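Secondary and tertiary structure notes
Residue strings, one per chain:
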Amino acid sequence: MAMSKLSIALLLLGTILLCSSSVKSEVEEEASAVVVLDNTNFTEEVGKHDFIVVEFYAPWCGHCKKLAPEYEKAAQVLSKHDPPIILAKVDGSDKTNKPLTDKFNVKGFPTIKIIKSKGEVEQEYKGPRQSDGIVKYLKTQAGPASIEIKSAEDAKSLVDDKSISIVGVFPEFSGTEFDNFIALSEKLRSDYTFGHTKDAKILPHGDSSVDGPFVRLFKPFDELFSDFQEFEVDELEKFIEEASMPLVVIFDSDESNRPFILRFFRSPNVKAMFFTSFQSDKLEDYKTELHKAAVEYKSKNISFLLGDPITSQGAFQFYGLRDTWLPLFMIQDKTNRKYLGKNVEPDQISFWIKEYMDGTLTPYKKSQPIPETNDKPVKIVVGDSFSDIVYESGKNVLLEFYAPWCKHCTKLDPILEEIAIALQNENIVIAKMDATLNDVPDEFELSEFPTLYFFSADKKVKVFKGGRTVESITNFIKKHKFPPTAEPEVTTEAEAEIEKVAQPKAETVKDEL
């Protein structure tokens, strides 16, 4: 999936005041520390460095504009690091730089890549987007995967109250346990900060008398730390993955919560999501009840999220939810079925989850309202009318799944209308459904817009992959309809090649939160 628009940047228009040319800001006086790269100098410049950071940006991108001063401040600081850490940028919207955006799989802006070993190794930047956080994150990425902690000051520098830190405690820096820890820290270094020490007494929290070997994971939520004493790599990685997630993920505008939100929605777990105003007098009661439920059902592979409906408006639109249903509880299971609890009180949360676990809840179907009139040649299908128009109509149905923003879908509209008019006296329905506002049954897989499926009167499903012309689609319908035409149209190899050329490039499905 493309990454999610979780917020909309507001462009503030103000008056530009003319100041004396003798008055300049520090940024204006000091030359930019960010190196400008493009397709002509990229390979040469990257080849000079064992570690370089490259931002792919677009001049019109609001998020890029917000990042720019923070990125510049970080570049100024890191240019003085020993050795210097170079921050660079590439205008990804410039067509001449397309070979670079293709090479680094840039799908949106800004995209930041860490490039190591003179271009041989590439990894995604997963750190903060404020200058101090950028500096701290990149210092850990440029150095060894795990840093030795020799004093309480070292520990304080590594462990903070806003991020995940993982420290291994060992009697000696050798042996299988230590080697496994270092190997895993190298693998996960882009996600977490790692350290190792021989002295547990200098670490915050926990029993300082423990000698090790053990791993202590520090986190800015829940119980603040978790200890683990298994050093088999897979088990240790599983511990880190589970212990580094809050019992209840907070979906708000705090940038430090963003990594947890992304991990929540990417998780294969059942997702329990509760939405309410963060100004509510009952907010603390909801938090308490959600935390209790998260503890109770943690072993059942259910992940919990508490969302502010203003910040999480993208999720509301994606799931087809309404503000009038707040406070709202929604569970999405592993097959993407959804169950809703509307206007939920704090003391109803545990009971509502129990009903889900007992299998007594009815799934919710995302659907636009059924149209009051549906008498145009191309029929409108919504989630609540899908069964009547497609499954149970007894007719042959050609169904287009479209998205409102898809220009190829718009171009297809007059073609489908012409076909619908031509076939109106036959046992055939031409229909369309907005796949962004209605749940699509699982048997209809979508990877692009538009996608055309044919559901025949004998209940067979065929996906249409031919050219989007009246002739091509009509021939496909006549070939697959039931009962079949006495002498069905046959597409020759030459015609197939023509259809292939005529097929326009589709637009990929965008599941944005």
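What this report covers is the structure whose coordinates are included nearby. (Residues numbered from 1 in each chain as written. Predicted model: local features only at pLDDT ≥ 70, side-chain atom pairs only at ≥ 80, totals over all residues. Heavy atoms only, no water.)

Quick word on the pattern of salt bridges
Worth spelling out the cut-off: Whenever a carboxyl oxygen of Asp or Glu lies within 4 Å of a side-chain nitrogen of Lys or Arg, that contact is scored as a salt bridge. By definition, any uninterrupted DSSP run of H or I lasting at least four residues is a helix, any uninterrupted run of E lasting at least two residues is a strand, and each is numbered from the N terminus.
Scanning the entire structure with this criterion turns up 22 salt bridges. A salt bridge links Asp102 to Lys98; the nearest nitrogen and oxygen atoms lie 2.8 Å apart. With a gap of four residues between them, Asp102 and Lys98 both fall in helix H4 (residues 98–103), about one helical turn apart. The salt bridge involving Asp191 is made with Lys126; its shortest N-O contact spans 3.1 Å. Of the two residues, Asp191 is situated in the loop between helix H7 (176–188) and strand E8 (193–197) and Lys126 in the loop between strand E5 (121–124) and helix H5 (131–142); the sequence distance between them amounts to 65 residues. Several salt bridges share partner residues, and in doing so they unite Lys113, Glu122 and Glu124 into one network.

Examining the sheet that holds strand E20 (residues 451–455)
Applicable threshold: By the convention used here, strands pair only if DSSP detects at least 2 bridges between them.
Ordered in space as E16-E18-E17-E20-E21, the five strands form an open sheet in which the pairing is mixed. Sheet topology places strand E16 (379–380) and strand E21 (461–464) at the edges, where each strand pairs with a single neighbour. As paired strands, strand E17 (residues 396–402) and E20 are joined by five bridges and run antiparallel to one another. Bridge pairing links Phe401 to Thr451 in E20.

Digging into the packing of aromatic side chains
Pairs of aromatic rings are described using the distance from one ring centre to the other and the angle between the two planes. Threshold: The aromatic pairing rule takes the rings of Phe, Tyr and Trp, using the six-membered ring of Trp, and pairs them if the centres are within 6.5 Å, calling planes under 30 degrees apart stacked, those over 60 edge-to-face and the rest tilted. Put simply, a charge is over a ring when the Lys NZ or the Arg CZ is close to the ring centre, within 6 Å, and near the line of the ring normal, within 35 degrees.
A complete count under the given rule lists 29 aromatic pairs for this structure. Taken together, the ring pairs in this structure connect Phe170, Phe173, Phe178, Phe181, Tyr192, Phe194 and Phe231 into an aromatic cluster. Across the ring face of Tyr57, the terminal group of Lys89 is positioned such that the distance to the ring centre comes to 5.4 Å. The side chain of Lys198 reaches across the aromatic face of Phe173, ending 5.0 Å from its centre.

Side note on the packing of helix H10 (residues 283–297) against helix H12 (residues 349–358)
Describing two packed helices takes the angle between their axes plus the distance from one axis to the other. Going by this rule: For helices, the axis comes from a line fit to the C-alpha atoms of the stretch in contact; other axes are also lines fit to C-alpha atoms, and the angle between any two N-to-C directions lies between 0 and 180 degrees. Two helices that cross are described as forming a left-handed crossing if the nearer one is turned anticlockwise from the farther one by less than a right angle, and a right-handed crossing if clockwise. A contact between two residues is defined here by any heavy atoms of the two lying within 4.5 Å. Each residue receives one of three labels: charged for Asp, Glu, Lys and Arg, nonpolar for Ala, Val, Leu, Ile, Met, Phe, Trp, Tyr, Cys and Pro, and polar for the others, Gly being one of them.
Between H10 and H12, the shortest axis-to-axis distance is 9 Å and the interhelical angle comes to 35°. Where H10 crosses over H12, the handedness of that crossing is right-handed. Between H10 and H12, the residues in contact are Tyr286, Glu289, Leu290, Ala293 and Tyr297 and Ile349, Ser350, Ile353, Lys354 and Met357, respectively. Across the contact of H10 with H12, the residue classes break down as seven nonpolar, one polar and two charged.

Structural notes on unusual backbone geometry
The condition that has to hold: Note on classification: 1.4 Å probe, protein chains only; a residue is buried when its accessible area is under 20% of the maximum for its type, exposed when over 50%, partly exposed between these limits.
Here the bond from Asp82 into Pro83 is cis, since omega is -5°, no more than 30 degrees from zero. Mapped onto the elements, Pro83 comes out in the loop between helix H3 (62–78) and strand E3 (86–91). A cis amide bond links Phe482 to the next residue, Pro483, at an omega of -5°. Position of Pro483 relative to the elements: it lies in the loop between helix H15 (470–480) and helix H16 (493–502). Not every positive phi belongs to a glycine, and Asn343 is a case in point at roughly 55°. Residue placement: Asn343 occurs in the loop between strand E15 (338–341) and H12. Residue classification places Asn343 among the partly exposed positions, given a relative accessible area of 41%.

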